[in-house]
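Residues per chain are reported as follows:
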Amino acid sequence: MAQRSVLSTLSILIITLMISACSRQALYDNAIGWERSSAGLEESSITVGEMTIAYLSNAEPVDGDTIVLVHGFGANKDNWTRLARQLTDEFNVYAIDLPGHGDSSKELDLGYRFDDQVRHLSRILDALGVQRAHMMGNSMGGAITALYAATYPDQILTATLFDPAGIFEYDSELVSLVMGGDNPLIPSQEGDFERLVDFALEKKPFVPWPIYDIMEEKAIANRDVNEVIFDAIRDTGYEDDFRNAITRIQAPVLVVWGMEDRVINYRNADVFVERIPDARKVLLEGVGHAPMVEVPEESARLFREFVATATGQGK
């Protein structure tokens with residue numbers, strides 16, 4: 001009887017855990033699906049050579065310009081949904097999972113330096129039929145956006161850089177931590193994802209309780225590729241190649257930076273503006289490393305005003 005009781009108890013525990021896991025995953029899927037639907041976006045994927053690339057785009061295309069959204073290190077296409085919600089009524093939006101991220105291919109030997117990622121993105125946009133677009137990027141994605149604009153000037157209408165990587169003239173709290181062997185951007189165990197969010201974001205948006213759990217599991221599962229990518233880009237901010245390249249940008253550029261950014265020091269905005277021929281900056285008080293997540297409405301407003309001023313389109 002005692003053995004049967006123990007077995008029954010174990011069975012109940014296993015079933016409970018299975019139901020709990022399924023429920024958490026279902027809640028995650030439903031929440032992400034709702035965010036995408038509310039933004040007027042739907043998920044698709046495309047094969048580009050050896051890569052499978054996942055992306056979000058307008059569920060209903062509109063008669064307007066295209067915007068390409070490029071996420072940061074360790075992030076994914078869903079970082080853009082709340083900003084995209086403000087824009088899909090007038091723009092055709094593509095939020096792309098870069099190789100190594102999200103639901104895209106994660107081979108360790110693809111090449112992840114900024115110039116590699118610019119080439120990957122060029123192939124992706126060519127496969128999607130995107131010939132000219134506004135481009136926005138955050139952090140690593142901001143550096144990719146800037147370098148893309150310098151490399152393919154005929155394809156970029158405007159570029160918006162949210163707290164971009166690529167220049168570390170002024171060090172940040174992250175630099176001190178990494179030099180000491182601690183990288184809060186790469187979760188490796190339970191509790192690390194919450195730490196990452198607290199470190200990167202000053203204004204944390206509401207997220208239902210199971211979402212962070214699933215996001216943490218995904219981040220920990222991606223640890224190996226995240227370490228490869230971080231190693232590929234970690235020192236580029238101290239090299240001259242990127243700084244010299246962005247002097248070739250021809251498109252108007254908006255640099256938006258949260259002044260509470262602990263990942264990349266906001267004072268680096270001045271270096272971007274000095275190096276890029278037609279660039280302007282906006283500093284946001286009380287905002288951290290990801291303005292498009294923390295203050296999506298304000299970020300969208302800044303973009304609309306920038307486009308109207310820079311191109312005369314009146315968006």
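Not measured: the values here are computed from a predicted model.

Draft legend 1. Quick look at the packing of helix 3 (residues 114-128) against helix 4 (residues 140-151). In the contact formed by helix 3 and helix 4, the axes pass within 9 Å of each other and the chain directions differ by 70 degrees. Here helix 3 lies roughly perpendicular to helix 4, going by the angle between them. Judged by residue contacts, Phe114, Asp115, Gln117, Val118, Leu121, Ser122 and Leu125 of helix 3 engage Met140, Ala143, Ile144, Leu147, Tyr148 and Thr151 from helix 4. Across the contact of helix 3 with helix 4, the residue classes tally to nine nonpolar, three polar and one charged.

Draft legend 2. Layout of helix 4. In this model helix 4 runs 16 Å from its N-terminal to its C-terminal C-alpha over twelve residues, within 8% of the 16 Å that 1.5 Å per residue would give. Across the twelve residues of helix 4, eleven count as buried, placing the element largely inside the fold. Every buried residue belonging to helix 4 is among Met140, Gly141, Gly142, Ala143, Ile144, Thr145, Ala146, Leu147, Tyr148, Ala149 and Ala150, and all of these are buried. Next to the buried residues of helix 4 lie strand 3 (66-70), helix 3, strand 5 (133-138), strand 6 (156-162), helix 8 (223-233) and helix 9 (240-245).

Draft legend 3. View of the pattern of salt bridges. Summed over all chains, the structure comprises 23 salt bridges. Where Glu50 meets Arg123, a salt bridge forms, and the shortest distance between an N and an O atom there is 3.5 Å. With Glu50 in the loop between strand 1 (41-48) and strand 2 (51-58) and Arg123 in helix 3, the pair connects residues that are 73 residues apart, well separated along the chain. On the basis of relative accessibility, which here comes to 33%, the residue Arg123 falls in the partly exposed class. Two residues, Arg301 and Glu305, come together in a salt bridge whose shortest N-O distance is 3.1 Å. One end of the pair, Arg301, and the other, Glu305, are both in helix 12 (residues 296-311), four residues apart, so they sit about a helical turn from each other. The exposure class of Glu305 is partly exposed, given its relative accessible area of 42%. In the salt-bridge network here, residues are joined through shared partners; they are Arg36, Glu43, Lys77, Asp78, Asp97 and Asp103.

Draft legend 4. The arrangement of the packing of aromatic side chains in detail. Scanning the entire structure with this criterion turns up ten aromatic pairs. Summarising the aromatic geometry, the rings of Tyr148 and Tyr152 are spaced 4.8 Å apart at their centres and angled 45 degrees between planes, so their arrangement reads as tilted. Classification of Tyr148 by relative accessible area gives buried; the value is 1%. Residue classification places Tyr152 among the partly exposed residues on the basis of a relative accessible area of 23%. An aromatic cluster of three or more residues is present, and its members are Phe114, Phe242, Trp257 and Phe272.

Draft legend 5. Inspection of the confidence of the model for the protein at higher detail. Taken residue by residue, the protein gives an average pLDDT of 92. The fraction at 70 or more is 92%. Segment residues 1-7: pLDDT under 50, and zero contacts once partners within four positions in sequence are set aside and those in other chains are kept. Per-residue pLDDT stays below 50 along residues 9-19; that stretch engages in zero contacts with residues further than four places along the chain or on separate chains.

Draft legend 6. Broad picture of the sheet that holds strand 1. Taken together, eight strands build an open sheet; the order of strands is 1-2-4-3-5-6-7-8 and the sheet is mixed. Two strands lie at the open edges of the sheet, namely strand 1 and strand 8 (279-284), each paired on one side alone. Taking each pair of neighbouring strands and ignoring which way they run, the sheet shows an average axis angle of 20 degrees. Both strand 1 and strand 2 contribute to a ladder of eight bridges, which runs antiparallel. Of the residues in strand 2, the one forming a bridge with Ile46 is Ile53. Helix-sheet contacts for helix 4 involve strand 3, strand 5 and strand 6, and the interaxial angle to strand 5 is about 145 degrees. Relative to the sheet, helix 12 contacts strand 3, strand 5, strand 6, strand 7 (253-258) and strand 8, its axis offset from that of strand 6 by approximately 145 degrees.

Draft legend 7. Focus on the pairing of strand 6. Here strand 6 lies mainly inside the structure; seven of its seven residues are buried. By the bridge criterion, five bridges tie strand 5 to strand 6 in an arrangement that is parallel. Note that in strand 6 the partner of Met136 across the bridge is Thr160. Handedness of the strand 5-helix 4-strand 6 crossover: right-handed. Two strands pair when backbone bridges link them, and strand 6 and strand 7 are joined in this way by four bridges, in the parallel orientation. Its bridge partner being in strand 7, Ala159 is matched across the sheet by Val253.

Draft legend 8. Highlighting the nonpolar core. In terms of nonpolar packing, the biggest core is built from 94 residues, with Ile96, Phe114, Met136, Phe242 and Phe272 touching the most fellow members. Ranked by residue count, the leading element in this core is helix 4, at eight residues. With sequence-adjacent residues up to four places away left out, Phe272 is seen in contact with Leu161, Pro164, Ala165, Ile167, Phe242, Ile246, Val255 and Trp257.

Draft legend 9. Expanded view of the pairing of strand 3. Of all the five residues making up strand 3, five are buried; the element is thus mostly covered by neighbouring parts of the structure. Relative to strand 4 (residues 92-96), strand 3 is paired through five bridges, and the arrangement is parallel. Note on strand 4: the bridge partner recorded for Val68 is Tyr94. In terms of strand pairing, strand 3 meets strand 5 through four bridges, oriented parallel. Across the sheet, the residue bridging to Val68 is Met135, located in strand 5.

Conventions used here
Residues numbered from 1 in each chain as written. Predicted model: local features only at pLDDT ≥ 70, side-chain atom pairs only at ≥ 80, totals over all residues. Heavy atoms only, no water. Axes fitted to C-alpha atoms, helices over the stretch in contact; angles between N-to-C directions. Helix = DSSP H or I, 4+ residues; strand = E, 2+ residues; numbered from the N terminus. Parallel < 35°, antiparallel > 145°, perpendicular 65-115°, else oblique. Contact = heavy atoms within 4.5 Å. Nonpolar A, V, L, I, M, F, W, Y, C, P; charged D, E, K, R; others polar. Expected span 1.5 Å × (residues − 1). Buried < 20%, exposed > 50% of the residue type's maximum accessible area, 1.4 Å probe, protein only. Salt bridge = Lys/Arg side-chain N within 4 Å of Asp/Glu carboxyl O. Phe/Tyr/Trp six-rings, centres within 6.5 Å; stacked < 30°, edge-to-face > 60°. pLDDT = per-residue confidence, 0-100. Pairing = 2+ DSSP bridges. Right-handed = clockwise from strand over helix to strand, strands pointing away. Core = buried A, V, L, I, M, F, W, Y, C linked by side-chain atoms within 4.5 Å.

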